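Overview (structure and organization)
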Amino acid sequence: MSPKRAPQDEVHTGPRSAERARRSHREVAEELRARIRSGELRPGQRMPTQAKLADEFGVERGAVRQALDLLKAERLLTNVTKGSPATVAADAVEVMHSYAGAEAAPKPTTVALGPRITSAFAEPVVEIDAICLTSVSLTLAIGEPLRQIHAGGPKPASVRVRVLLPSRDIDLAFPVPVQGVSAGQEWHNPVRRQWLAQRNAQGQVLRHNLLALRATHGIDVQVTFRALPFTPPVKLYLLNGTEALFAYYTLTRRGAQIDHENIEMYDAQGTRSMLFAFQHGAGLRDTTFVEQSHLWFNALWETISSPLELAPPGL
């Protein structure tokens, strides 16, 4: 019987095939994920060196580094440095199973969105599309990768963010006062005024924080908002063309004080909505959902949406 390998022993992943085609850093990351998932690379175990991985996959060291940074952002690896091999995280398998796929458990937006946005920012090209009510969750989630960039961590070459929000010119389905609004009085509705102020403020913060990357780090940044002619009953985040995070806005009745007035309203608190994660390549169901979600978003963006200005409400 061969001796049992110590957790910190290095695994050699096999010689490089002469016929192996050159791979992208995403393909390298996916192969390493598969090895973690299968147990070939175990929690607590050291990865092969970057040089050995580059030789095996037939790629430059930079591509290996990008792949390792991506897995670190996904919390699958620790100790990703230039000086020593990375280590498979102790809870890597559990973390991976929580991301996407048929067995992935939904999690509240405040829990699930942040790590996925951070992982998306580990790519050299970041593309985020979102449909939501106010962009509060997106603004909160994007804070961590921005903090890492400002702290000297890996940074993408470009960031493109597109956000669809309800138009200020429609009658909102929610949030609305329980007692309703009299005909012709919608613009005097305090619940609507509060929603519009929040929509504009959150959008302005999101845009400012992202555009700051251009001035401070030379990153090519584009942030665009467009208005929908309806209240979205769901929220959707599309990340780098490979992930879709989906949640229902569930209405509840709650009280709030607005302009020194106690108001009962029907509202949906999006930060608590349970996000369902789908990943391209994680099976036919996930792949189809991601593809169809992109088609749906692009159709809305290119047809019935209109330019949106995040101006202060003139009510």
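Just above, that's the structure.
Nothing here was measured: the structure is a model prediction, and the numbers come from that model.

**Here's the deal with the overall build of the chain**
Tallying secondary structure elements over the chain gives 9 helices and 13 strands in all. Accessible surface, the chain: about 15,400 Å² in total, of which carbon and sulfur atoms supply 53%.

**Considering the sheet that holds strand β8 (residues 234–239)**
Spatial strand order, β3-β12-β9-β8-β4-β5-β7-β13: 8 strands in an open sheet with mixed pairing. A single partner strand is all that each edge strand has here, and the edge strands are β3 (107–108) and β13 (306–307). Bridge count between β8 and strand β9 (residues 243–248): 6 bridges; the pairing is antiparallel. Within β9, the residue paired with leucine 239 across the bridge is glutamate 243. Helix α8 (residues 190–217) contacts β5 (158–166) and β7 (220–228) of the sheet and is inclined by roughly 165° relative to β7.

**Regarding helix α1 (residues 25–38)**
Between its first and last C-alpha atoms α1 spans 20 Å; for 14 residues at 1.5 Å apiece the expected length is 20 Å, and the two agree. Buried residues of α1: His25, Val28, Ala29, Leu32, Arg33, Arg35 and Ile36, and no others. The arc that holds every buried residue of α1, seen down its axis, measures 160°, which confines them to one face. Of the residues one or two after α1, glycine 39 is the one with positive phi, at around 95°.

**Regarding the side chain of aspartate 69**
With respect to the helices, strands and loops of the structure, aspartate 69 is situated in helix α3 (residues 61–73). Ignoring sequence-local partners within four residues, the contact set of aspartate 69 consists of Val80, Ala122 and Pro154.

**Focus: the packing of aromatic side chains**
All chains considered together, the criterion is met by 5 aromatic pairs. For the pair phenylalanine 278 and phenylalanine 289, a centre-to-centre distance of 3.9 Å together with 20° between the ring planes defines the contact as stacked. Of the two residues, phenylalanine 278 sits in strand β12 (residues 274–279) while phenylalanine 289 sits in helix α9 (residues 284–302), which places them 11 residues apart along the sequence. With a relative accessible area of 10%, phenylalanine 278 lands in the buried category.

**Comments concerning the sheet that holds strand β10 (residues 252–258)**
As summarised here, the arrangement of the 3 strands in space is β6-β11-β10, forming an open sheet in which the pairing is antiparallel. Two strands in the sheet have a free side with no partner beyond their single neighbour: β6 (176–177) and β10. Summarising the sheet, β10 and strand β11 (residues 261–267) pair through 7 bridges and their orientation is antiparallel. Bridged to arginine 254 within β11 is methionine 265.

**With respect to the packing of α1 against helix α2 (residues 50–57)**
Closest axis-to-axis distance for the α1/α2 pair is 12 Å, and the angle between their directions is 110°. The orientation of α1 with respect to α2, classified from their angle, is roughly perpendicular. Of α2, the residues touching α1 (which contributes Val28, Glu31, Leu32 and Arg35) are Leu53, Glu56 and Phe57. Here the contact of α1 with α2 is composed, by residue class, of 4 nonpolar, no polar and 3 charged.

**Structural notes on α2**
Among the residues of α2, Gln50, Leu53, Ala54, Glu56 and Phe57 are the ones counted as buried. End-on view of α2: buried residues confined to an arc of 165°, all on one side of the axis. Next to the buried residues of α2 lie α1 and α3.

**Things to note about the packing of α2 against α3**
Direction vectors running N to C along α2 and α3 enclose 110°, while the axes themselves pass 9 Å from each other. Relative to α3, α2 is oriented roughly perpendicular. Along the contact surface, α2 presents Gln50, Ala51, Leu53 and Ala54, while α3 presents Arg61, Val64, Arg65 and Leu68.

**Things to note about the pairing of β11**
Inspection of the sheet shows β6 paired to β11 by 2 bridges, in the antiparallel sense. Residue pairing in the sheet places valine 176 in a bridge with tyrosine 266 of β11.

**Digging into the environment of asparagine 240**
One can find asparagine 240 in the loop between β8 and β9. When sequence neighbours within four positions are dropped, the list of residues in contact with asparagine 240 reads Arg26, Ala120, Glu123, Val125, Val126 and Glu127.

**Section: a nonpolar patch on the surface**
A cluster of nonpolar residues, Tyr248, Met274 and Phe276, forms a patch on the protein surface that exposes about 290 Å² of accessible area. With a relative accessible area of 37%, methionine 274 lands in the partly exposed category.

**Focus: unusual backbone geometry**
Cis geometry marks the peptide bond from phenylalanine 174 to proline 175; its omega dihedral reads 0°. Within the element layout of this structure, proline 175 appears in the loop between β5 and β6. The backbone of aspartate 259 shows a phi angle near 50°, a positive value even though the residue is not glycine. The backbone of histidine 260 sits at a positive phi, close to 65°, despite the residue not being glycine. With respect to the element layout, histidine 260 can be found in the loop between β10 and β11. With a relative accessible area of 78%, histidine 260 lands in the exposed category.

Rules and cut-offs
Residues numbered from 1 in each chain as written. Predicted model: local features only at pLDDT ≥ 70, side-chain atom pairs only at ≥ 80, totals over all residues. Heavy atoms only, no water. Helix = DSSP H or I, 4+ residues; strand = E, 2+ residues; numbered from the N terminus. Areas by Shrake-Rupley, 256 points an atom, 1.4 Å probe, with all protein chains shown as cover. Pairing = 2+ DSSP bridges. Contact = heavy atoms within 4.5 Å. Axes fitted to C-alpha atoms, helices over the stretch in contact; angles between N-to-C directions. Expected span 1.5 Å × (residues − 1). Buried < 20%, exposed > 50% of the residue type's maximum accessible area, 1.4 Å probe, protein only. Arc of directions from axis to C-beta. Phe/Tyr/Trp six-rings, centres within 6.5 Å; stacked < 30°, edge-to-face > 60°. Parallel < 35°, antiparallel > 145°, perpendicular 65-115°, else oblique. Nonpolar A, V, L, I, M, F, W, Y, C, P; charged D, E, K, R; others polar. Patch = residues over 30% accessible without salt bridge, like charges linked within 9 Å, V, L, I, M, F, W, Y side chains within 5 Å. Salt bridge = Lys/Arg side-chain N within 4 Å of Asp/Glu carboxyl O.

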